Amino acid sequence: MNALFSDPYPSRRLTESLLLRRNVPVIWQDIALKPDWISAEQLAHYDANGFLVLNDLLTAEEIEKLQNAAFLLRQNLAGSHTDGTIKEPGSQAVRSVFNLPSHCPIFDELTRHPKLIELAEFILRSKVYLHQSRLNYKPGFRGKEFFWHSDFETWHIEDGMPEMRALSCSVLLTDNHAHNGPLMVIPSSHGMYVGCVGETPEQNYIHSLRQQQVGTPCEIAISTLANLGGGIQSITGKAGTIILFDCNLLHGSAGNISPDPRANAFFVYNSVENALQEPAHGLARRPEYLAHRQVKPLTAK
Ligand code: 6CS
Ligand code: FE
C-alpha cells in the first residue's frame, strides 16, 4: 500500500503541502463529566480555538520558586554542552532546556499539579504521562524566533506519536508582553492537519530545536488557516499564567529584541493510550530527554 496513505498524518516526503481536516476529538470526554472548577464556556473555547488561558492556578510563592529555579538552571547550564541544553542559533545563550523534572523537583511538582492532571485526564479521557518538558528562555536581545509549526506534526513523524491525543501546558515564568516574543497561535488551526514538504535529515533535532526548517507549514497553508481561523493571537500575560494548547495547534513566537527576557516552561501531557510507536520513514528514535518512551502515568502531587 502506498506509504502516503498508510499514514493518516502524512508529512515530509511530500511534493506539496497537505491540509487534512481533523477527524478525532479535541476534548475526548463528555463535557458533562468536567471538573467542577472549569466552566463549560472555558472548555468550549478550548474545543473551538485549540487553546485556553488559565490564571490563578499557582500561588505567588510557587511562581517565585519556579522563577528562581529557572534562573539557577540557566546559570548552571550556561557554557555547558549537556544533552538537552539547546543554544540560540549564532550565540552561546541558552535557548531551551529539556527534561525539567530531571533538573529540579519543583518542575516535577509543577507537572503534577492536581488541577492540571485532573484537567488533562479529563480532556484526554485517560491517565496521562509526560511526553516532553522544556524551558524556553528567549533571552532579551538574543532570543530568536520559533517559526510556525504544529508540535503534533513533529511528534508524529519524528517520535511516532500515533494520534492527536496530547496537550501542552505553557507556564509563563516572566511577564509575556507584546514586545518580548509571546506565544502566538492561529485559533482553530488545530482542526486541520498540515502535511509539510521536505525530507527529514538524520538527527534533525540537533538543528530543528535551534531553528526549525523541516516540518514547517508553507506560507499558503499558514495564511489560509489564519484567514479561516480568525487571524493570529498573541497570548500575553503575567508570570504564573498557564496556557493550555492542543498538540496540533499552529503556534510560533517572534524573536525577542527587547531587554525583557521571556521565559516559559512547557510540558506535554500525552494519553497513556497514545504511547509512542516508531518514527516515520525509518527515522532513528529521538533521545529520551526529547521524547519519553516509558509510559509512567502521572499522579497528582
Ligand atoms: O521537536 C520538538 O519536540 C520541539 N519543537 C518545537 C518547535 N516545539 C515543540 C517541541 O519543543
Ligand atoms: Fe512548539
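How each quantity is defined
Residues numbered from 1 in each chain as written. Chains lettered and ligands numbered in written order. Predicted model: local features only at pLDDT ≥ 70, side-chain atom pairs only at ≥ 80, totals over all residues. Heavy atoms only, no water. Donors = N, O, S within 2.8 Å, 3.2 Å for Na, K, Ca; no water. Tetrahedral: all angles 85-135°; square planar, octahedral: opposite > 155°, others 65-115°. Buried < 20%, exposed > 50% of the residue type's maximum accessible area, 1.4 Å probe, protein only. Helix = DSSP H or I, 4+ residues; strand = E, 2+ residues; numbered from the N terminus. Pairing = 2+ DSSP bridges. Axes fitted to C-alpha atoms, helices over the stretch in contact; angles between N-to-C directions. 1 Å grid on protein atoms, 1.4 Å probe; cavity = no way out; pocket = protein on both sides within 12 Å on 5 of 7 lines; lining within 4 Å. Points joined across faces, edges and corners; volume = space filled by probe spheres on them. Near = heavy atom within 4 Å. Polar contact = N/O pair within 3.5 Å; in protein donor to acceptor, adjacent residues only side chain to side chain. Areas by Shrake-Rupley, 256 points an atom, 1.4 Å probe, with all protein chains shown as cover. Sits in = over half its atoms within 2 Å of the grid points. Contact = heavy atoms within 4.5 Å. Salt bridge = Lys/Arg side-chain N within 4 Å of Asp/Glu carboxyl O. Core = buried A, V, L, I, M, F, W, Y, C linked by side-chain atoms within 4.5 Å.

Participant: How should the coordination of the iron ion (ligand 2) be read in this particular structure?
Facilitator: Angles at a metal have ideal values that depend on geometry: 109.5 degrees with four tetrahedral donors, 90 or 180 degrees with six octahedral donors. Bound to the iron ion (ligand 2) are the protein donor atoms His 149 (NE2), Asp 151 (OD) and His 251 (NE2), situated 2.1 to 2.3 Å from the metal. Given four donor atoms and angles of 81 to 175° at the metal, the environment of the iron ion (ligand 2) is assigned as irregular. For the iron ion (ligand 2), the donor residues sit on a single chain with the sequence spacing H-x1-D-x99-H. You'll find His 149 and Asp 151 in the same group, each marked buried.

Participant: I keep staring at the pairing of strand β13 (residues 264-271) and nothing clicks. Help me out?
Facilitator: Two faces make up the sheet, and in a regular strand the side chains alternate between them. Of all eight residues in β13, eight are buried; the element is thus mostly enclosed. In the sheet, strand β5 (residues 128-136) pairs with β13 via eight bridges, with the strands oriented antiparallel. Each residue of the ladder has a partner; that of Leu 135, found in β13, is Ala 265. Of the strand pairs in this sheet, strand β7 (residues 166-172) and β13 are connected by seven bridges, and their pairing is antiparallel. When the bridges of β13 are listed, Cys 169 appears paired with Phe 267.

Participant: Can you help me understand the sheet that holds strand β6 (residues 146-149) in this one?
Facilitator: Strand pairs in the sheet, formed through backbone hydrogen bonds, run parallel or antiparallel to each other. Strands sit in the order β6-β12-β8-β10 across an open sheet of four strands; the sheet is antiparallel. Two strands in the sheet have a free side with no partner beyond their single neighbour: β6 and β10 (233-235). Shown here is a sheet whose adjacent strand axes are inclined to one another by a mean of 25°, direction ignored. Sheet topology note: the strand β8 (residues 183-185)/strand β12 (residues 251-253) ladder contains three bridges and is antiparallel.

Participant: Explain the layout of surface pockets to me, please; I cannot follow it from the model alone.
Facilitator: The gaps of empty space that remain are located by a probe, the size of a water molecule, rolled over the atoms. Space inside the largest pocket adds up to approximately 270 Å³. The wall of the largest pocket is formed by 14 residues, among which Leu 130, His 292, Gln 294, Lys 296 and Leu 298 lie closest to the centre. Looking at the lining of the largest pocket, the elements that each hand over two or more residues are α4 (105-111) and β5.

Participant: I would appreciate a short explanation of the pairing of β7 in the present structure.
Facilitator: Burial analysis of β7 places seven of its seven residues in the buried class, which makes it a mostly covered element. Every second residue of β7 is oriented toward a common face, with Ala 166, Ser 168, Ser 170 and Leu 172 on one face and Leu 167, Cys 169 and Val 171 on the other, all of them buried. Alignment of β7 against strand β11 (residues 242-246), held across five bridges, turns out to be antiparallel. Across the sheet, residue Ser 170 finds its bridge partner in β11, namely Ile 243.

Participant: It is not clear to me how the site of ligand 1 should be interpreted in this structure. Could you clarify?
Facilitator: Near ligand 1, the surroundings consist of Gln 132, Arg 134, His 149, Asp 151, Thr 154, Trp 155, Leu 209, Gln 212 and Arg 286. Contact between ligand 1 and His 149: a nitrogen atom at 3.2 Å from a side-chain N or O atom of the residue. A distance of 3.0 Å separates a nitrogen atom of ligand 1 from a polar atom in the side chain of Asp 151. Its free accessible area being 300 Å², ligand 1 has 94% of it covered by the protein chains. Judged by its atoms lying within 2 Å of the grid points, ligand 1 is housed in the largest cavity. Mapped onto the shell around ligand 1, the elements with two or more residues apiece are β5 and α6 (151-159). Ranked by the residues each element gives to the shell around ligand 1, the list is headed by α6, at three residues.

Participant: Can you help me understand the sheet that holds strand β4 (residues 94-98) in this one?
Facilitator: Pairing in this open sheet of seven strands is antiparallel, and the strands run β2-β11-β7-β13-β5-β4-β3 from one edge to the other. Every interior strand has two partners, whereas the edge strands, β2 (51-54) and β3 (85-87), have only one. Averaged over all neighbouring strand pairs, the angle between strand axes comes to 20°, with direction disregarded. Helix α5 (residues 114-124) rests against β2, β5, β7, β11 and β13 of the sheet, and its axis sits at about 45° to β13.

Participant: Honestly, the side chain of Arg 22 in this entry has me stumped. Any pointers?
Facilitator: If you trace the backbone, Arg 22 turns up in the loop between β1 (18-21) and α2 (40-49). Here the side chain of Arg 22 touches Pro 25 through a polar contact of 3.1 Å, landing on its backbone oxygen. Each residue touching Arg 22, except ones within four places of it in the same chain, is listed here: Met 164, His 190, Gly 191, Met 192, Asp 246 and Asn 248.

Participant: Sorry if this is basic, but what is going on with the pattern of salt bridges here?
Facilitator: Note that side chains of opposite charge can pair when their charged atoms are close. For the structure shown, the criterion picks out 13 salt bridges. Lys 238 is the salt-bridge partner of Asp 175, the closest N and O atoms lying 3.3 Å from each other. Taken together, the residues span a long stretch of sequence, with Asp 175 in the loop between β7 and β8 and Lys 238 in the loop between β10 and β11 at a distance of 63 residues. The network of salt bridges with shared partners includes Arg 12, Glu 153 and Glu 158.

Participant: Got a minute to help me understand the nonpolar core in this structure?
Facilitator: Soluble, globular proteins show a tendency: their nonpolar side chains are buried together. Core analysis: the biggest nonpolar cluster contains 62 residues, and Phe 107, Ile 123, Leu 135, Leu 167, Leu 244 and Tyr 269 have the highest contact counts within it. With seven residues, the top contributor of residues to this core is α5. When sequence neighbours within four positions are dropped, the list of residues in contact with Phe 107 reads Leu 66, Ala 69, Ala 70, Leu 73, Leu 100, Pro 101 and Leu 135. Met 192, Cys 196, Ile 222 and Leu 225 belong to the second-largest nonpolar core, a separate cluster that totals ten residues.

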